[in-house]
Amino acid sequence: MKKLMGAIAAIGLMAVALTGCSAGAAGGGGGHKVITVGFAQTGSESGWRAANTQSMKEAFSSKNGFKLIFNAADNKPENQIAAVHSFINQGVDAIVIAAVVTTGWDDVLKEAKDAKIPVILEDRTIDADPSLYASWIGDDFKKEGETAGGWAASTLGTTATNMVVLEGTTGSAPAIDRAKGFSSSIAGTSITTLDSQTGNFTRADGKTVMEGFLQKYGNKINLLFAQNDDMGLGALDAIKAAGLTPGKDIKIVSIDGTKDGLTALSDGQFNYVVECNPLLGDQVASVVKDVIAGKKVDKAYTAKDLAFDQAAAKEALPTRKY
Ligand code: GZL
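Residues numbered from 1 in each chain as written. Predicted model: local features only at pLDDT ≥ 70, side-chain atom pairs only at ≥ 80, totals over all residues. Heavy atoms only, no water.

1. Focus on the overall build of the chain
- A tally of regular secondary structure across the chain gives 11 helices and 12 strands.
- Dimensions of the chain, computed from C-alpha atoms along their principal axes, come out at roughly 100 × 40 × 30 Å.
- The buried share among the 322 residues of the chain stands at 48%.
- Residue pairs in contact within the chain that sit at least 24 positions apart in sequence constitute 75% of those at least 6 positions apart.
- Element-wise, carbon and sulfur atoms account for 56% of the exposed surface of the chain, whose accessible area totals about 14,600 Å².
- Here the chain contributes 32 positive and 36 negative side-chain charges, whose respective centroids are spaced 7 Å apart. (Helix = DSSP H or I, 4+ residues; strand = E, 2+ residues; numbered from the N terminus. Buried < 20%, exposed > 50% of the residue type's maximum accessible area, 1.4 Å probe, protein only. Contact = heavy atoms within 4.5 Å. Areas by Shrake-Rupley, 256 points an atom, 1.4 Å probe, with all protein chains shown as cover. Lys, Arg positive; Asp, Glu negative; His and termini not counted. Charge placed at Lys NZ, Arg CZ, Asp CG, Glu CD.)

2. Some words on the site of the ligand
- Taken together, 13 residues lie around the ligand, and E45, D123, R124, R178 and D256 are the ones closest in.
- Taking D123, its side chain carries an N or O atom lying 2.4 Å from an oxygen atom of the ligand.
- In the model, an oxygen atom of the ligand is placed 2.6 Å from a nitrogen or oxygen of the D256 side chain.
- Computed on the free molecule, the ligand has an accessible area of 320 Å², of which 100% lies beneath the protein chains in the complex. (Near = heavy atom within 4 Å. Polar contact = N/O pair within 3.5 Å; in protein donor to acceptor, adjacent residues only side chain to side chain.)

3. Remarks on the domain arrangement of the chain
- Domain annotation of the chain identifies domain 1 (33-139 + 278-303) and domain 2 (141-276).
- Between domain 1 and domain 2, the C-alpha centre-to-centre distance is 30 Å.
- Counting from both sides, the interface comprises 13 residues of domain 1 and, opposite them, 17 residues of domain 2.
- Where domain 1 abuts domain 2, roughly 1,100 Å² becomes buried across the two surfaces, and 57% of that area is made up of carbon and sulfur atoms.
- Considering only the side of domain 1, the residues that lose the most area to domain 2 are W48, R124 and D139, jointly responsible for 43% of the buried surface there.
- Scanning the region where domain 1 abuts domain 2 turns up 0 salt bridges.
- For the pair domain 1 and domain 2, the number of links is 4 residue pairs in polar contact (both at pLDDT 80 or more).
- Looking at the side of domain 1 that touches domain 2 residue by residue, the classes come out as 4 nonpolar, 5 polar and 4 charged. (Domains from an automatic or database assignment. Buried area = accessible area lost by both parts, 1.4 Å probe. Salt bridge = Lys/Arg side-chain N within 4 Å of Asp/Glu carboxyl O. Nonpolar A, V, L, I, M, F, W, Y, C, P; charged D, E, K, R; others polar.)

Below, the structure written as structure tokens:
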């Protein structure tokens, strides 16, 4: 009898040890299971994106109880869809997406739903059935466009002003909504749009497209609306190469609020910068944990954005986090 009791006790101990061990092995400590998250990032197109990626990687760290599977899609929508398919096949616990473009998401998100894998959107919104994702965390792009356009209207709206626009990635939520917001703010003013083309949110393309604008319109251009700092920074080279002075001959209003953008504002090459906060990682990680724990989450969490003139840029730069 004693032997039997001893054997049962030994098996019991082993079971506890294995359980304890598997919880420990899961690295969660205290019995929390590690949450495996597939993150489909757009790519590495801008300074904003680099800051957003760093924020996400810091938040979804192993010490915070996560295992992160990271994919950068080189801004190709087809690469992103393939990445999400791969996450589903790997059986991750949750999927986070910063969508390159707003369209083409329904089918793969339906697959994720059928696989009972929750999807959380960060940064960019998409045109899909809202039941296919648990939540969105990001910035209000339309408001950013309205704020940028509001500055242009109040500063230049009563004098004949010819504007060119460097648009973000075609079909992306920020490009669509910033344009909408900006247009609504300059309606009825004397600001005329001479031309508007995508610079794909990159410095290189911003410079190339601005060179084309300058060849076509020369010193008829009075204002540049750059839908992100990087395209505006690329345009600076083209403007100077044309013998013009950025911030004076051509006024520049931009969106993002990166260190480089605020530096250009501080030294007078830009005239106004609207912030789009990329430091979303902690909020996204908190929402993912709540979703996995079966807690109710809001459908949208909107980050707070500031706007900067030259004086505000000078004040903000010394402690700017990105
Ligand atoms: C905005 C973000 C945009 C930035 C660009 O939230 O999606 O993409 O404005 C970035 O700098 O490339």
